[in-house]
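Survey of secondary and tertiary structure
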Amino acid sequence: MSILRIRCSPRGLASESYRLSQRIVDRLTHTGPADGLDIVEFDATTLAHADSDYAAALAAPADPAHDVLGRGSLKASARLIQMLADASHIVLATPMHNFTVPSSLKSWLDHVVRVRSTFRITPQGNKVGVLEDRPVYVAISSGGAFSGDEARQPDFLTPYLRHVLATIGLRQVTFVSVEGTARGPALLEAARERAEAAIEGISFAAQQPEMSV
Ligand SMILES: Cc1cc2nc3c(=O)[nH]c(=O)nc-3n(C[C@H](O)[C@H](O)[C@H](O)COP(=O)(O)O)c2cc1C
């Protein structure tokens with residue numbers, strides 16, 4: 001059992017979303033059910049876009065030969081899916097970019113949402129998740145507000161992530177956000193305090209992994 005944290009900001013360890021994700025990790029490791037667990041870190045900004053072998057494999061009725069599976073995006077995908085399968089808790093640290101997920105997180109999703117691996121398609125054409133469910137915490141940072149009365153922009157980030165994670169079987173998703181980082185230090189501090197209060201209010205005990213590891 002381990003916590004897998006995916007970092008998605010170009011600002012890396014200095015990012016607001018990483019800072020927020022650390023509060024979640026602290027709660028999980030100090031007072032929550034993940035007490036004492038290892039933290040596995042992955043920087044999604046290092047990922048390339050899905051390559052042509054990967055696109056061909058996903059469109060084909062079966063996986064390609066072993067030599068093709070061992071290179072490029074197919075190889076990266078296998079590693080990233082294994083990391084997901086091994087984790088009992090997942091933390092995504094992400095900014096909002098153009099009303100949705102940044103391209104780094106989209107690339108990570110393109111590598112882990114994979115037919116015949118993390119979801120299957122029924123004869124009727126429905127996608128059914130294959131991963132065992134486990135808690136996912138999403139720490140979001142945005143320049144402006146996207147929720148509540150002060151929202152002045154659409155939110156294509158949280159509904160999209162909820163849908164795409166459910167597609168592979170991950171349904172226990174909790175969002176926490178620091179919104180309005182571009183609105184000056186006082187409003188940023190207030191947004192941080194609201195986010196930290198929201199984290200305090202999460203009932204981690206109610207969100208246990210459903211994995212049998
Ligand atoms: C390419 C790009 C697009 C952005 N698009 C949005 C946006 O649509 N809405 C928003 O509120 N902020 C947007 N921002 C601002 C970031 O969300 C904001 O600076 C956030 O705090 C960055 O978090 P980070 O420190 O975790 O990277 C954008 C920033 C960048 C670099």
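Residues numbered from 1 in each chain as written. Predicted model: local features only at pLDDT ≥ 70, side-chain atom pairs only at ≥ 80, totals over all residues. Heavy atoms only, no water.

1. A short note on the overall build of the protein chain
For the protein chain, the helix and strand inventory stands at seven helices and seven strands. Helices and strands appear in the protein chain in the N-to-C order β-α-β-α-α-α-β-α-β-β-β-α-β-α. Over its C-alpha trace the protein chain gives a radius of gyration of 18 Å, about what one expects of a compact globule, namely 17 Å for 213 residues. A principal-axis box enclosing the C-alpha atoms of the protein chain has dimensions of 55 × 35 × 35 Å. Looking at the protein chain as a whole, 47% of its 213 residues are labelled buried. Summed over its atoms, the accessible surface of the protein chain is roughly 10300 Å², and 53% of this surface lies on carbon and sulfur atoms. With 21 positive and 23 negative side-chain charges, the protein chain shows a spacing of 4 Å between the two charge centroids. (Helix = DSSP H or I, 4+ residues; strand = E, 2+ residues; numbered from the N terminus. Rg over C-alpha atoms; globule rule 2.2 N^0.38 Å. Buried < 20%, exposed > 50% of the residue type's maximum accessible area, 1.4 Å probe, protein only. Areas by Shrake-Rupley, 256 points an atom, 1.4 Å probe, with all protein chains shown as cover. Lys, Arg positive; Asp, Glu negative; His and termini not counted. Charge placed at Lys NZ, Arg CZ, Asp CG, Glu CD.)

2. Considerations on the pattern of salt bridges
A complete count under the given rule lists 11 salt bridges for this structure. As a salt-bridge pair, Arg 7 and Glu 41 come within 3.8 Å of each other at their nearest N and O atoms. Taken together, the residues span a long stretch of sequence, with Arg 7 in strand S1 (residues 2–7) and Glu 41 in strand S2 (residues 38–43) at a distance of 34 residues. For Arg 7, a relative accessible area of 17% corresponds to the buried category. As a salt-bridge pair, Asp 63 and Arg 116 come within 3.1 Å of each other at their nearest N and O atoms. Here Asp 63, found in the loop between helix H2 (52–59) and helix H3 (66–69), pairs with Arg 116, found in the loop between helix H5 (103–112) and strand S4 (119–121); they are 53 residues apart in sequence, far enough to count as distant. Under the relative-accessibility criterion, Asp 63 is labelled partly exposed at 37%. In this structure Arg 116 comes out as partly exposed when scored by relative accessible area, which is 35%. (Salt bridge = Lys/Arg side-chain N within 4 Å of Asp/Glu carboxyl O.)

3. Describing the nonpolar core
Residues Leu 84, Leu 92, Trp 108, Leu 161 and Leu 165 are the most contacted members of the largest nonpolar core, which totals 34 residues. Where this core is concerned, the elements lending two or more residues are S1, helix H4 (72–86), strand S3 (89–95), H5, strand S6 (136–142) and helix H6 (158–167). With residues up to four places along the chain from it excluded, the contact list for Trp 108 reads Ile 6, Phe 42, Ala 44, Leu 47, Leu 80, Leu 84 and Leu 92. If you look at the next biggest cluster of nonpolar residues, it comprises 17 residues, including Leu 28, Leu 37, Val 176 and Ala 195. (Core = buried A, V, L, I, M, F, W, Y, C linked by side-chain atoms within 4.5 Å. Contact = heavy atoms within 4.5 Å.)

4. As for the packing of H2 against H4
Packed helices, taken two at a time, are described by the angle between their axes plus the distance between the axes. Direction vectors running N to C along H2 and H4 enclose 70°, while the axes themselves pass 6 Å from each other. The angle between the axes of H2 and H4 places the two elements in the roughly perpendicular class. Packed against H2, whose contacting residues are Asp 53, Tyr 54 and Ala 57, the element H4 presents Ser 73, Leu 74 and Ser 77 at the interface. For the contact of H2 with H4, a count of residues per class yields three nonpolar, two polar and one charged. (Axes fitted to C-alpha atoms, helices over the stretch in contact; angles between N-to-C directions. Parallel < 35°, antiparallel > 145°, perpendicular 65-115°, else oblique. Nonpolar A, V, L, I, M, F, W, Y, C, P; charged D, E, K, R; others polar.)

5. Describing the site of the ligand
As a structural note, the neighbourhood of the ligand is formed by 16 residues, with Ser 9, Arg 11, Ser 17, Ser 141 and Thr 181 the closest of them. Note that a nitrogen atom of the ligand is positioned 2.8 Å from one of the backbone N or O atoms of Asn 98. For the ligand, a nitrogen atom lies 3.1 Å from a polar atom in the backbone of Gly 143. When the free accessible area of the ligand is taken as 650 Å², the share hidden by the protein chains comes to 71%. Of all the secondary structure elements, the ones that give two or more residues to the shell around the ligand are helix H1 (16–30) and S6. Within the shell around the ligand, the residues separate by chemical class into three nonpolar, 11 polar and two charged. (Near = heavy atom within 4 Å. Polar contact = N/O pair within 3.5 Å; in protein donor to acceptor, adjacent residues only side chain to side chain.)

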